[in-house]
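The primary structure of each chain is shown beneath.
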Amino acid sequence: MVEYGNEYIGTVFVLPETRCFELRTTVHGEPHLVHGTVSQQLAARFAEAAPDYIDPRQLSLQPRRVEVMTREIHERHRAPRKVYCLSRLFDFEPRSQDTPAPVMAG
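Since we're looking at a predicted model, the values are computed, not measured.

Parameters and conventions
- Residues numbered from 1 in each chain as written.
- Predicted model: local features only at pLDDT ≥ 70, side-chain atom pairs only at ≥ 80, totals over all residues.
- Heavy atoms only, no water.
- Core = buried A, V, L, I, M, F, W, Y, C linked by side-chain atoms within 4.5 Å.
- Buried < 20%, exposed > 50% of the residue type's maximum accessible area, 1.4 Å probe, protein only.
- Helix = DSSP H or I, 4+ residues; strand = E, 2+ residues; numbered from the N terminus.
- Contact = heavy atoms within 4.5 Å.
- Pairing = 2+ DSSP bridges.

(A) Up close: the nonpolar core. In terms of nonpolar packing, the biggest core is built from 17 residues, with V14, F21, L23, V38, V66, V68 and L86 touching the most fellow members. Secondary-structure elements contributing two or more residues to this core are β1 (2–15), β2 (20–27), β3 (30–38), α1 (40–45), β4 (64–73) and β5 (81–90). Setting aside chain neighbours within four positions, we find V66 in contact with N6, E7, Y8, V12, L23, L86, R88, L89 and F90.

Below you can see the structure in the form of structure tokens.
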């Protein structure tokens, strides 16, 4: 088994209930689709009660820079396979919960 991390830039879709993700990116100029699970530490940030909450609906609005851990699994008498895990989001500003909304005077 070999494990390494890659940084990608692309559109990320996350399903927090199932801890799954899909990343649409380009590799060497060709469209590439990466899908797998979300790490436990990152999944905790998708819970609404988390202090550094990330709204999963906001992730897919624009391309993001992410780190994906790739694990290459080589088993005897089976074809090699790759398993992906979304481990980090770069350059993402979580929305502040304590910023008051502007009030319009009427």
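(B) Region of the structure containing the pairing of β3. With eight bridges joining them, β2 and β3 adopt antiparallel strand pairing. Residue pairing for β3: R24 is matched across the bridge by L33. Hairpin geometry of β2 and β3 is characterised by an intervening segment of two residues between the two adjacent antiparallel strands and by a positive phi of about 55° at H28. For β3 and β5, the ladder comprises two bridges, and the chain directions are parallel. Looking at β5, one finds that V38 is bridged to L86.

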